[in-house]
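Geometric and topological summary
Given next are the chains, with one letter for each unit.
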Amino acid sequence: MAKTVRSLVVLGDSTTVGVGDPVPGGWRGVGPLLAAALPHARYLNVSFTGARVASVRHRQLPAALAARPDAAVVLVGMNDTLRSDFDGRRVHVDLDAVVGALVSAGAAVVTVRFHDHSRVFRLPGALRRALRARIEELNGIVDAVVRRHGIECVDLDLMDGAYSPDTWAVDRLHPSEAGHRRLAAAFAARLARAGCEVPGRVSLTCTGGLKVTPLHHVGWLVVKGVPWLWRRGRDLVPYAATIVYRSWAGHPEPARYVATEAVVGPTTAALRQPSL
């Protein structure tokens, strides 16, 4: 018999905040769309923009656990790949701690493995290769955590419409309303597969939100797009330069962290005690 979801929590970064799906007064996004398909559930979204895996563990997880979740969505990691201090081993330990604690609390957990975002947000060649390498490393970590805890996972690379222009907002970094709806529908399907009752249906029909015009695209590029590329480029350029040099010199690319189901770090019992 399917489990009734009485408490749904959402943890993550700006995507789970709802950025990219503007409505009067703020953002909507994947969380409310998914919650609408679970009419018996209390809904708590502890996400915030810019979150990394460590901040989900230390700043979001305690509040999520206090809600005694029956179901939890965890979408985080892309911000880590865009930083110069990316550490696969640390990401693995933190993500395992988050998922392990939620599973121990009795929640059905769904997370994601990531798409090749360089196909959505165009980057210079070296930066594209650097970002792809980071995403591959991150996906290996996600795969290990999914296997270890037996949770459900949405593969964004395989999701219907993943690379369609209408899936992405004006910034090409966050899903549009259509993208958020597709993501919410994928989460609902995975929760059902995990044994949760999902009485409602996530409609893929866009209901309006705020209309985005070509002027919004130009404005975003000037005001936010170029500055964002400059900031992230400064973080990734040293790593990208190493890849280019090694390729030119005939050396192998820098070694990546290879995740296994055995977490490298503190004991599992210690990991499941969230830090405040």
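Our subject is the structure that appears above.
This report concerns the structure included in the present document. Just so we're clear, the structure is a prediction, and the values are computed from it rather than from any experiment.

1. Here's the deal with the sheet that holds strand E6 (residues 71-75)
Sheet architecture is open: 5 strands sit in the order E5-E2-E6-E7-E8, paired in parallel fashion. Unpaired on one side and paired on the other, strand E5 (42-45) and strand E8 (152-155) mark the two borders of the sheet. Taken over all neighbouring pairs, the strand axes of this sheet differ in orientation by 15 degrees on average, direction set aside. Inspection of the sheet shows E6 paired to strand E7 (residues 108-113) by 3 bridges, in the parallel sense. Bridge pairing in E7 places alanine 71 opposite alanine 108. Against the sheet, helix H3 (residues 53-66) touches strand E2 (7-12) and E5, its axis set at about 170 degrees to E2. Running at roughly 170 degrees to E6, helix H5 (residues 88-104) makes contact with E2, E6 and E7 of the sheet.

2. Notes on H3
Over its 14 residues, H3 extends 19 Å from the first C-alpha to the last, a length consistent with the 20 Å expected when each residue adds 1.5 Å. The largest bend in H3 comes to about 50 degrees, at glutamine 60, with the proline proline 62 one to four residues further on. Along H3, the positions that sit buried rather than exposed are Val53, Ser55, Val56, Arg57, Gln60, Leu61, Pro62 and Ala64. Immediately beyond the C-terminal end of H3, within one or two residues, lies arginine 68, with a positive phi of roughly 50 degrees.

3. Things to note about the pattern of salt bridges
With the rule as written, the count across this model stands at 15 salt bridges. Residue aspartate 21 pairs with arginine 28 through a salt bridge whose shortest N-O separation is 2.8 Å. Each member of the pair, aspartate 21 as well as arginine 28, is classed as buried. Put simply, arginine 28 and glutamate 177 hold a salt bridge, and the shortest N to O gap is 3.1 Å. On the criterion of sequence distance, the pair formed by arginine 28 in the loop between strand E4 (26-27) and helix H2 (30-36) and glutamate 177 in helix H7 (residues 177-193) is long-range, its members being 149 residues apart. Residue arginine 28 shares its accessibility class with glutamate 177, and that shared class is buried. Overlapping salt bridges bring together Asp21, Arg28, Glu177 and Arg181 as one network.

4. Section: the packing of H3 against H5
Running from N to C, H3 and H5 point in directions that differ by 10 degrees, and their axes come no closer than 9 Å. Overall, the two elements H3 and H5 adopt an arrangement that is roughly parallel. Residues Val53, Ala54, Val56, Arg57, His58, Leu61, Ala64 and Leu65 of H3 lie in contact with H5, whose contacting residues are Arg90, Val91, Val93, Asp94, Leu95, Ala97, Val98, Ala101 and Leu102. Taken together, the residues that form the contact of H3 with H5 break down as 13 nonpolar, 1 polar and 3 charged.

Rules used throughout
Residues numbered from 1 in each chain as written. Predicted model: local features only at pLDDT ≥ 70, side-chain atom pairs only at ≥ 80, totals over all residues. Heavy atoms only, no water. Pairing = 2+ DSSP bridges. Helix = DSSP H or I, 4+ residues; strand = E, 2+ residues; numbered from the N terminus. Axes fitted to C-alpha atoms, helices over the stretch in contact; angles between N-to-C directions. Contact = heavy atoms within 4.5 Å. Expected span 1.5 Å × (residues − 1). Bend = angle between axes of the 7 residues up to and from the residue. Buried < 20%, exposed > 50% of the residue type's maximum accessible area, 1.4 Å probe, protein only. Salt bridge = Lys/Arg side-chain N within 4 Å of Asp/Glu carboxyl O. Parallel < 35°, antiparallel > 145°, perpendicular 65-115°, else oblique. Nonpolar A, V, L, I, M, F, W, Y, C, P; charged D, E, K, R; others polar.

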